[in-house]
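Per-entry structural report
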Amino acid sequence: MVREWDPRTASSAEIASLLDTLNAVLAADLPQDPPWRESSMREYLAEVMPGERRISWVAQAEQAADGSPGAILGHVHVLLLGDIGVLEVLVHPSERRTGLGRDLVLTAARRVYQEGFQSIGVEVVGDTPAVAFYESLGFSKEYVETRSVLDLSGVDWAELSEMATGISAGYHLEFHPGGPPDELIEAYARAKAEVRDVEDGELRPSSYDPQRLRDSLDCLHRRGMKPYIVLALHEQTGEVAGLTEVVVPAQHPTRADQYDTIVVQDHRGYGIDRAIKARMLMELRSAEAELTEVQTWNAQANEAMLKVNAELGYRPDREWCEYSIDVAELVHRLDAGR
Ligand SMILES: CC(C)(COP(=O)(O)OP(=O)(O)OC[C@H]1O[C@@H](n2cnc3c(N)ncnc32)[C@H](O)[C@@H]1OP(=O)(O)O)[C@@H](O)C(=O)NCCC(=O)NCCS
């Protein structure tokens, strides 16, 4: 049975059951990824940026004979932003190939259509059943990135320490756990606005103006995701010349996510990319005792960044693709197939 579901008011048992399904999916599809924990799971599912909405549905098994609620075996949510709905679907491995995934997508797509949105986008992990699933529904591939993972146990910390200091004169690095300090927010947002040569895909929104940046940091904190930032400051102008952002999620604190890394055009060629990333890893090592890995996503064309990541020890892991489809076309196609 598929029903609309609100993580803010769901029972703790439902949140735990959804987490079990997510971990069964990870074990089946991405066995090298760490399992997720319950910590801040409700907030992760419920909290959004101002102006965005997330609508969720679950597929729940029948009530057991003893009256205990059935397990959550499928889940879909759609995040409505701009003119696009960003979809995420999960089906427990024991329930696959019965049409449940298709039903969940249809339920969400109908709502996205009713709400007047144009298209649906989804992140699809390479070499998993999701590729054949979305292609069978008519989605097309828009963009491909490579996910790479750094195993911290293999890092040469002495070498990293040299990289962290190998920056030209006239710049200095600053480490800011929690996000940039308020007095640097404007300069920080300017750096992000100027350069879009970043390490994230279109479905992971970046923040380019100060208010949106504050909202985005606030939203991360509410979802249990702790941001860390290393900045390169240009001493002469006080401008932010480069920045790198890593988030440690309460849900999987052994593996952190690299977000944006930016070096502003005028400040390229001074060793900033390498230095800020190296300094970040050194800071994380002391700030996050449980951390063992960092993952990052790169456009395949971004050779300069891939080179620095390889030097740091990142190993390519999977393709990470963005697929999309026109909502009306999807609803029509799925309705016609019923
Ligand atoms: C992708 C997913 C949602 C599909 O769910 P499902 O309930 O098995 O999908 P359906 O039964 O509705 O399949 C619909 C169609 O998709 C295609 N399809 C789905 N899985 C497929 C597979 N493993 N191989 C080939 N085709 C497949 C088929 O055409 C299928 O129709 P058919 O069974 O009549 O041939 C499910 O595998 C899943 O949850 N994957 C994890 C998704 C994810 O986001 N993971 C993130 C962390 S990895």
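About the cut-offs
Residues numbered from 1 in each chain as written. Predicted model: local features only at pLDDT ≥ 70, side-chain atom pairs only at ≥ 80, totals over all residues. Heavy atoms only, no water. Helix = DSSP H or I, 4+ residues; strand = E, 2+ residues; numbered from the N terminus. Rg over C-alpha atoms; globule rule 2.2 N^0.38 Å. Contact = heavy atoms within 4.5 Å. Areas by Shrake-Rupley, 256 points an atom, 1.4 Å probe, with all protein chains shown as cover. Lys, Arg positive; Asp, Glu negative; His and termini not counted. Charge placed at Lys NZ, Arg CZ, Asp CG, Glu CD. Buried < 20%, exposed > 50% of the residue type's maximum accessible area, 1.4 Å probe, protein only. Pairing = 2+ DSSP bridges. Expected span 1.5 Å × (residues − 1). Near = heavy atom within 4 Å. Polar contact = N/O pair within 3.5 Å; in protein donor to acceptor, adjacent residues only side chain to side chain. Nonpolar A, V, L, I, M, F, W, Y, C, P; charged D, E, K, R; others polar. Axes fitted to C-alpha atoms, helices over the stretch in contact; angles between N-to-C directions. Parallel < 35°, antiparallel > 145°, perpendicular 65-115°, else oblique. Left-handed = near helix turned anticlockwise from the far one by under 90°. pLDDT = per-residue confidence, 0-100.

Tallying secondary structure elements over the protein chain gives 10 helices and 12 strands in all. For 338 residues, the compact-globule formula gives about 20 Å, and the C-alpha radius of gyration of the protein chain, at 21 Å, lands near that figure. Taken along the three principal axes of its C-alpha coordinates, the protein chain extends 70 × 40 × 35 Å. For the protein chain, the share of sequence-separated contacts (at least 6 apart) that also reach a separation of at least 24 residues comes to 73%. As displayed, the protein chain has an accessible area near 15,400 Å², and 48% of this comes from carbon and sulfur atoms. When the 33 positive and 57 negative side-chain charges of the protein chain are each reduced to one mean point, those points stand 3 Å apart.

Next up on the list: the pairing of strand 8 (residues 225–234). Counted residue by residue, strand 8 has nine buried out of 10 residues, so it is predominantly covered. With seven bridges joining them, strand 7 (residues 171–177) and strand 8 adopt antiparallel strand pairing. Bridge pairing links tyrosine 171 to histidine 234 in strand 8. Sheet analysis places strand 8 next to strand 9 (residues 240–249), joined by nine bridges and oriented antiparallel. Across the sheet, the residue bridging to leucine 231 is leucine 243, located in strand 9. Hairpin connection between strand 8 and strand 9: a loop of five residues separates the two successive antiparallel strands, and glycine 238 in this loop has a positive phi of roughly 75°.

Let us now look at the environment of lysine 141. With respect to the helices and strands, the residue lysine 141 is situated in strand 6 (residues 140–151). Taking the C-alpha atoms as reference, lysine 141 lies 25 Å from arginine 53; in sequence the two are 88 residues apart. Aside from chain neighbours lying at most four places away, what touches lysine 141 is Glu319, Cys321, Glu322 and Tyr323.

For helix 3 (residues 100–114), spanning 15 residues, the distance from its first C-alpha to its last is 21 Å, which sits close to the expected 21 Å at 1.5 Å a residue. Every buried residue of helix 3 is listed here: Leu100, Gly101, Leu104, Val105, Leu106, Ala108, Ala109 and Val112.

Moving on, we come to the site of the ligand. Every one of the 18 residues lining the ligand counts as a neighbour, but Val91, Arg97, Gly99, Gly101 and Arg102 are closest to it. One nitrogen or oxygen atom from the main chain of glycine 101 is found 2.8 Å from an oxygen atom belonging to the ligand. At a separation of 3.2 Å, an oxygen atom of the ligand approaches a polar side-chain atom of serine 136. Bound to the protein, the ligand loses 76% of the 930 Å² it would expose on its own. Sorting elements by how many residues they give to the shell around the ligand places helix 4 (residues 129–136) first, with five residues. Class assignment for the residues of the shell around the ligand results in 10 nonpolar, four polar and four charged.

Before going further, it helps to examine the packing of helix 3 against helix 10 (residues 327–336). Relative orientation of the contacting elements helix 3 and helix 10 amounts to 135°, with a least axis distance of 9 Å. Relative to helix 10, helix 3 is oriented oblique. Note on packing geometry: the crossing formed by helix 3 with helix 10 is left-handed. Between helix 3, through Arg102, Val105, Leu106, Ala109, Arg110, Val112 and Tyr113, and helix 10, the contact on the second element is made entirely by Val327, Ala328, Leu330, Val331, Leu334 and Asp335.

With that out of the way, let us pick up the confidence of the model for the protein chain. Per-residue confidence for the protein chain averages 93 on the pLDDT scale, and 96% of its residues sit at or above 70. Segment residues 197–205 is flagged for pLDDT under 50; beyond a separation of four residues in sequence, or across chains, it makes 37 contacts in the model.

The next thing to look at is the sheet that holds strand 11 (residues 293–299). Ordered by their spatial adjacency, 12 strands build an open sheet running 1-2-3-4-5-12-6-11-10-9-8-7, and the pairing between neighbours is mixed. In this open sheet, the two strands that pair with only one neighbour each are strand 1 (2–5) and strand 7. Mean inter-strand twist for the sheet, computed between neighbouring axes without regard to direction, equals 25°. For strand 3 (residues 72–81) and strand 4 (residues 84–91), the ladder comprises eight bridges, and the chain directions are antiparallel. Bridge pairing links histidine 77 to glutamate 88 in strand 4. Contacting strand 1, strand 2 (53–60), strand 3, strand 4 and strand 12 (315–326), helix 1 (residues 12–29) runs over the sheet at an angle of about 95° to strand 3. Docked against the sheet, helix 8 (residues 272–287) engages strand 6, strand 7, strand 8, strand 9, strand 10 (255–263) and strand 11, running at close to 35° with respect to strand 9.

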